[in-house]
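# Structural description and commentary
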There are 2 protein chains.
Amino acid sequence: MSEIRQDPTTGEWVIMARERAKRPRDFVRRQARPELPVFLLSCPFCPGNEAMTPAETLSYRDEKAGSWRVRAFANRFPALTPEGSTMRSEEKGFFLNMDGVGVHEVIVETPAHNKPLALVEDAGVEDVLRAYHERYNALSRMSFVKLIVIFKNHGLSAGTSLEHPHSQLVAIPVVPRHVRMEHEVAMRYYDDRGECLYSDLAGHELSTGKRIVMETGRFVVFHPFASHQPFETWIVPKMHQASFGSASAEELQDLAHVLRIVLLKLYRGLENPDFNYVIDTAPVADENEDYYLWHLRIIPRLTEVAGFEIGSGININTALPEETAPFMRELEVE
Amino acid sequence: MSEIRQDPTTGEWVIMARERAKRPRDFVRRQARPELPVFLLSCPFCPGNEAMTPAETLSYRDEKAGSWRVRAFANRFPALTPEGSTMRSEEKGFFLNMDGVGVHEVIVETPAHNKPLALVEDAGVEDVLRAYHERYNALSRMSFVKLIVIFKNHGLSAGTSLEHPHSQLVAIPVVPRHVRMEHEVAMRYYDDRGECLYSDLAGHELSTGKRIVMETGRFVVFHPFASHQPFETWIVPKMHQASFGSASAEELQDLAHVLRIVLLKLYRGLENPDFNYVIDTAPVADENEDYYLWHLRIIPRLTEVAGFEIGSGININTALPEETAPFMRELEVE
C-alpha cells in the first residue's frame, strides 16, 4: 500500500508510491556526458572572453595571477530588465499586466569550463556563496525589488544548455502567490505555536534522525518527510534568519563545506545527475520576520513531472526519503 | 522589455520573456520517433493481451467484430489502491500521513498500438471521452473519493514510457491544496461579481479574439493571456458546469471533435510533440457550485522547468500566446 504524506510547509500532499518504489541505486542515470575542455574559445563564460558578456557587476580576483575566481554580470538574454514601470495595466478591464521590471544576473562559479561545482574545493564554493550574498544585498536595496531568487540549473533536463558552471539571480518586482502561500502557512504556525515552522521541521528531522544526510555546527541536511521528488535535499541553518541576506561570513563558510559535500555525494552516488537548487528566502520586506527561515533546496531531476502532478499539484514520489537519506549519509566522498 | 502577466485563476504571475521570445515554428522539435507496429506481442495494452492487465472496469465493443474499441482497468503499478484508511496518523506529533487510499485506472484509447489520439477519428475520441465520463461517475460515488484527476501523458518527456495510446484516472482521498487555492480565487470572484471567473475568462478571450484557436457551439479553445508554457491550450465549455461528470452526451460529442482537431493541429504544427493534458474539474463535494467551470488543459512539453520556476512558482514563457494562437488557428488540418 502507498502512503500519502503532508508537506508541513505548504499543506500539500505527496504520494509515496510503494508499489512503484525504486531502490536508491535505481536512480543512477548513466548519461553520455561529453569530455569537456578546461577552456573553450567560443564560451562567453571562459576567461579571456569577458568582452562577450555585459558589464561585470562583481568579481573576485587573485591579484597576483591577475585572473578572476568568480564573476557576475547581467544575463545577455534577461527575463527581466531594470527599466519600465511596475504600474499595473489592464487588458479589457480583466487581465492584469506590467512591465518586466527586474534584474537578471549570471554568476560564473569558476574559470574552468569543465569543473562542476561538486568538484570545486571549499574555498571556491565559498566564493560563489559570497557572490550570491553580495549581489543579494546590493539588489535588495533597489526600490522595485520584492524578492530575489538565487538558483542553479545543472544539465539539459534541469533547463540549461550552457555547460560552463554558473548560477543565476533574478530580482523580481512582485511577491509570487506561491511564496505568499508558504509564508501564510509559516505565519499561522508561528502565531499558533510561537515557534518557527522551519526550525521545528529541522528539529523533528534531527530527532527522528532517519532522514538526515549530514549535520554540522550550523546546518542540518535532510531528505524531507514529504519529499516531492526522489533525493530532494534541504540544507537548513540552525541559526534563525528569515533572509539569506542576513547570513554571516562564518555561516557562508560552513555552508560552502556542506553544499560541496552534498553536491559531491550526489555527483558520486548518482553519477553526476542533472539538478536544480534554489535558495528559498523571505521577500525583501519580510527579512526580519520571525516565522520564516531561509534554506537551500536541491532537486535532482531524476523523474518527469506528468499529467497527474500538473492537474493535482500532488507529486508521486517513487523513492522513500528513509531509504535515500541513509544511502547519501553513508556514501564516503572524502 | 519583457512583460509580466497575471493568471486570473490563481493570482500567480508569468514572465513573458520578449528578449528570449521565439517564433511559433522555433518550437518544432524533430524527434526520432521509432516506426511502431499496429500490434506488439509484448504490449499489455494490445488486443489479445488482455490477460496481462488487471480486471476490466469498462470496455466498449463492436459486437460483430468481437473486439473492443476502448478499455479500462486498474493500473498494474497503482499510485493508490482502494484499501486502508483515510484516518490521519502522525509521526512525532508533527508530520501528518495516511494510507494511500484511492483508485488508479488506465484507459486504453484504441486497439492500434501505433495510433496517437490525434489520428483517431471523431467517434473514437468520443469513445475515450465517454469512458472518462463513465468511470468518473462510477468512482465519484465511492465514499473516500474527494477529487478525480483525468489525464494523459504523451511521450517520454511528458512522463510516459508506454507507447500504446492511453489515459489515466486517479481518484484521490484529499482535495489538494493547489485545487483549494484555485477554488478560493474563483469563489471570491463569484462572491464579488456574481459571475463565474472561468466563464468570464473565456468570454474576455472571445471578445479580444487574438488568442482564440477555435470555437464551436459548445466550446472555446484559446492560448490563455497568462500562458505558463508555450502553446498551453485551454478548452473551455460554454455551458456552466463545475464538474466534468455533469457533461451531457452532446457536449462529449462536440468535445471529441474539438479535442481531435486541437491535438491534430499540435501533431502537424509542432511535429508530434510530447504533451500532457488534464481535465480540471471540481472536487466531488463541490460539483454543484456556481463558481467553478470544468475545462481541459493541454500542456505541450516544449521547454524545461528550471530553478527559477522551482523557487518562485513563476514561469518564464518564451512564446507569446498572441503569436502561437494564430499559428494554430490558421493551420489547416482537414
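Higher on the page you've got the structure.
Basis of the calculations
Residues numbered from 1 in each chain as written. Chains lettered and ligands numbered in written order. Predicted model: local features only at pLDDT ≥ 70, side-chain atom pairs only at ≥ 80, totals over all residues. Helix = DSSP H or I, 4+ residues; strand = E, 2+ residues; numbered from the N terminus. Pairing = 2+ DSSP bridges. Contact = placed C-beta atoms within 7 Å. Nonpolar A, V, L, I, M, F, W, Y, C, P; charged D, E, K, R; others polar. Core = buried A, V, L, I, M, F, W, Y, C linked by C-beta atoms within 7 Å. Buried ≥ 20, exposed ≤ 12 C-beta atoms within 10 Å, placed from the backbone. Least-squares fit on C-alpha atoms with pLDDT ≥ 70 in both. Axes fitted to C-alpha atoms, helices over the stretch in contact; angles between N-to-C directions.

## Some details on unusual backbone geometry
Backbone geometry follows two general trends: most residues other than glycine have a negative phi, and most peptide bonds adopt the trans configuration. The backbone of Phe231 of chain A shows a phi angle near 65°, a positive value even though the residue is not glycine. Among the secondary structure elements, Phe231 of chain A is positioned in the loop between strand E11 (219–222) and strand E12 (233–237).

## Side note on the pairing of strand E10 (residues 212–215) of chain A
Taken residue by residue, a regular strand's side chains alternate between the two faces of the sheet. All names here are of chain A. Bridge analysis of E10 against E11 gives 3 bridges, and the strand direction is antiparallel. Paired with Ile212 across the two strands is Phe222, which belongs to E11. Taken together, E10 and the strand that follows it, E11, pair antiparallel across an intervening segment of 3 residues.

## What about the interface of chain A and chain B?
With 68 residues of chain A at the interface, the matching set in chain B holds 68 residues. Of the residues in the side of chain A that touches chain B, the class split is 33 nonpolar, 21 polar and 14 charged. Alignment of strand E6 (residues 95–99) of chain A against strand E1 (residues 3–6) of chain B, held across 3 bridges, turns out to be antiparallel. When the sheet's bridge partners are listed, Asp99 of chain A is paired in E1 of chain B with Glu3 of chain B.

## Regarding the nonpolar core
Judged by nonpolar contacts, the single largest core of 188 residues is most densely connected at Val262 of chain A together with Val262 of chain B. Leave out the neighbours within four places in its chain, and Val262 of chain B touches Val213, Val221, Thr233, Ile235 and Ile298 of chain B.

## Some words on the relation of the copies chain A and chain B
Aligned on chain B, chain A shows an RMSD of 0.0 Å; the corresponding rotation is 180° and the shift along the axis is 0.0 Å. On this basis, the relationship between the two copies can be described by a two-fold rotation axis. Of the residues that chain A buries at the interface, 100% are likewise interface residues in chain B, meaning the two copies contact each other through the same surface.

## Digging into the environment of Asp274 of chain A
All names here are of chain A. Within the fold, Asp274 resides in the loop between helix H4 (249–269) and strand E13 (275–280). Spatially, the C-alpha atom of Asp274 lies 6.0 Å from that of Pro300, the residues being 26 residues apart in sequence. Excluding anything up to four places from it in sequence, Asp274 contacts His154, Gly155, Leu156, Ser157, Ala158 and Arg301.

## Examining the sheet that holds strand E9 (residues 166–172) of chain A
All names here are of chain A. Taken in spatial order, the 10 strands line up as E3-E4-E7-E9-E8-E13-E14-E12-E11-E10 in an open sheet, and their pairing is antiparallel. The sheet is open, and its two borders are formed by strand E3 (56–62) and E10, each paired with just one other strand. Neighbour-to-neighbour, the strand axes of this sheet turn through a mean angle of 15°, independent of strand direction. Pairing between strand E8 (residues 147–154) and E13: 5 bridges, direction antiparallel. Across the sheet, residue Phe151 finds its bridge partner in E13, namely Val278. Along the sheet face, helix H3 (residues 197–208) touches E10, E11, E12 and strand E14 (295–300) and points at about 65° away from the line of E11.

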